[in-house]
Amino acid sequence: VLDWADSALPDGRLTDTAPFVGVDYCGVGWAKVHPLLLEQLHQYYGAYDFIKEQLPVAMRWLDAEAASREKGLVVKGLGDHESLTDKEWGAKLTTPVFTDSARRIARLATIIEEPKVAERAQTYADESQAAWEKEFLNPNTGVVAEGTQTAQAFALGFADNNPETQQRIFKQLIKGLNAPEDAPRLTTGIYGTRILLEELSRRWRSDLAYALVTREAFPSWAYMLANDATTLWERWEGNDGRYSMNHPMFGSISTWFYRWLGGIQPSVDAIGFDRFYIRPQVQPSLKWVKTSYQSIRGTIVSNWSVSHSATTYEIII
């Protein structure tokens, strides 16, 4: 069993690999896997004791990152890796990831009844969100930084929590998706792509998400298949001799299948999948979907099919 504490650097920061092999430049985006995993293990499997064991590690990391901020902004770390623009770096992206991580750690601390820890983590989140809004968000237009798809998606998924502002941010995101002649066309990397599909579907625009997923021209998963891919590539473009052709990059598409085509979603406050939603978003051009998840409480099935006259659902819990 890997001890996460042994994978931390002397200042408390979590390394990019566990165990540490000398790679240390990715920053909050990679280290965020620690609190994210703790939260998901609780949601899916009810892992309570694991949170108690690992929360001190998560908080040491958060304290270290908080201490290195500049005016509330997280300025170091990898951005939207393998995006198709050259602007997806810097505090406009790393700060939202930090903010989201701090909120997750606050929730974890609340679960195990550590109110002082929760308050400290939430304070970090509030400070960095305010700094990010001041520096990068135009609240009147909803444009974030340069207005790229990644910047807009990060704002929706990680940073902004004002309903009115989110509507404007989302409007700008849709505008960016529909701008190219071959629209809709994404420019996002591994983080932005996951958030993009999630936020589109969460706002009942799975039609756009589905169009991106099934798009046959570059960039898309269908483009990979059309070019003889049997595994996911590290880059949308493929390989020029330096990159992997068998990588979990862009693997978030699998999550989207289950969460939004099948519609099986644990509640945010789920403990061991005891509370969940079934909310599939039917796509008229798709004839059927079959999804099932073997939760620790039993199998959950969400299937649907479309005919010329009706949509038929088969739900088994």
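Just above sits the structure.
Owing to the predicted nature of the structure, the values given are computational and were not obtained by experimental measurement.

Colleague: What's the story with the packing of aromatic side chains in this structure? I'm lost.
Modeller: For any pair of aromatic rings, geometry is given as the distance between the ring centres together with the angle between the planes. Applying the stated criterion across every chain yields a total of 14 aromatic pairs. Note on Tyr223 and Trp233: the rings are 6.3 Å apart at their centroids and 85 degrees apart in plane angle, and the pair reads as edge-to-face. You can see Tyr223 sitting in helix 10 (residues 221-226) and its partner Trp233 sitting in the loop between helix 10 and helix 11 (252-262), a full 10 residues away along the chain. Classification of Tyr223 as partly exposed rests on a relative accessible area of 23%. Note on Trp233: relative accessible area 6%, which makes it buried. Ring pairing ties together the aromatic residues Tyr44, Tyr45, Phe273, Phe276 and Tyr293, which thus form one cluster. Sitting above the plane of the Tyr277 ring, Arg279 keeps its charged end 4.6 Å from the centroid. Positioned above the aromatic ring of Trp288 is the side chain of Lys290, whose terminal nitrogen or guanidinium carbon lies 5.8 Å from the ring centre.

Colleague: It is not clear to me how the nonpolar core should be interpreted in this structure. Could you clarify?
Modeller: Generally speaking, nonpolar side chains in soluble globular proteins are found buried as a group. Counting 72 residues, the largest nonpolar core has Leu62, Ile105, Trp132, Val144, Leu197, Leu200 and Trp256 as its most contacted members. Of the residues forming this core, the biggest block, nine residues, is contributed by helix 4 (residues 91-111). Beyond its immediate stretch of four places on either side in the chain, Ile105 contacts Pro35, Leu55, Ala58, Met59, Trp61, Leu62 and Ala121.

Colleague: Just to check I follow, could you spell out a nonpolar patch on the surface for this structure?
Modeller: Together, Val21, Val23 and Tyr25 give the surface a local cluster of nonpolar side chains, amounting to about 310 Å² of exposed area. Within the secondary structure, Tyr25 sits in the segment before helix 1 (28-31). When its relative accessible area of 53% is taken as the criterion, Tyr25 is described as exposed.

Colleague: Which parts of the structure should I look at to understand the packing of helix 4 against helix 6 (residues 149-159)?
Modeller: Put simply, helix 4 and helix 6 touch, their axes get as near as 9 Å, and they point 15 degrees apart. One way to sum up the angle between helix 4 and helix 6 is to call them roughly parallel. Handedness of the helix 4/helix 6 crossing: left-handed. Counting all contacts with helix 4, which are made through Leu93, Pro96, Val97, Thr99, Asp100 and Arg103, the residues of helix 6 involved are Thr150, Ala151, Phe154, Gly157, Phe158 and Ala159.

Colleague: Hey, could you run me through the pattern of salt bridges in this one?
Modeller: Two side chains that carry opposite charge are able to pair once their charged atoms sit near each other. Under the counting rule described, the total for this entry stands at 18 salt bridges. For Arg235, the salt bridge identified is with Glu82, shortest N-O distance 3.1 Å. Here Arg235 is found in the loop between helix 10 and helix 11, whereas its partner Glu82 is found in the loop between helix 3 (49-67) and helix 4, with 153 residues between them in sequence. Judged by relative accessible area, which is 12%, Glu82 ranks as buried. Put simply, Asp274 and Arg275 hold a salt bridge, and the shortest N to O gap is 3.0 Å. Residues participating in the shared-partner salt-bridge network are Lys32, Glu39, Asp100, Arg104 and Arg107.

Colleague: Which parts of the structure should I look at to understand helix 6?
Modeller: Three or four residues apart is the spacing at which side chains of an α-helix point the same way, because the helix has 3.6 residues per turn. The buried fraction of helix 6 amounts to 10 of the 11 residues, a majority that puts the element mostly inside the structure. Residues of helix 6 that are buried include every one of Gln149, Thr150, Ala151, Gln152, Ala153, Phe154, Ala155, Leu156, Phe158 and Ala159, and no others. The elements touched by buried residues of helix 6 are helix 4, helix 5 (115-136), helix 7 (163-177) and helix 8 (190-202).

Colleague: Can you help me understand the side chain of Thr99 in this one?
Modeller: Mapped onto the fold, Thr99 is located in helix 4. Not counting residues within four places of it along the chain, the set of residues in contact with Thr99 comprises Ala125, Ser128, Gln129 and Phe158.

What counts and how
Residues numbered from 1 in each chain as written. Predicted model: local features only at pLDDT ≥ 70, side-chain atom pairs only at ≥ 80, totals over all residues. Heavy atoms only, no water. Phe/Tyr/Trp six-rings, centres within 6.5 Å; stacked < 30°, edge-to-face > 60°. Helix = DSSP H or I, 4+ residues; strand = E, 2+ residues; numbered from the N terminus. Buried < 20%, exposed > 50% of the residue type's maximum accessible area, 1.4 Å probe, protein only. Lys NZ or Arg CZ within 6 Å of the ring centre and 35° of its normal. Core = buried A, V, L, I, M, F, W, Y, C linked by side-chain atoms within 4.5 Å. Contact = heavy atoms within 4.5 Å. Patch = residues over 30% accessible without salt bridge, like charges linked within 9 Å, V, L, I, M, F, W, Y side chains within 5 Å. Areas by Shrake-Rupley, 256 points an atom, 1.4 Å probe, with all protein chains shown as cover. Salt bridge = Lys/Arg side-chain N within 4 Å of Asp/Glu carboxyl O. Axes fitted to C-alpha atoms, helices over the stretch in contact; angles between N-to-C directions. Parallel < 35°, antiparallel > 145°, perpendicular 65-115°, else oblique. Left-handed = near helix turned anticlockwise from the far one by under 90°.

Honestly, that's just the spatial picture; any functional story needs more than this.
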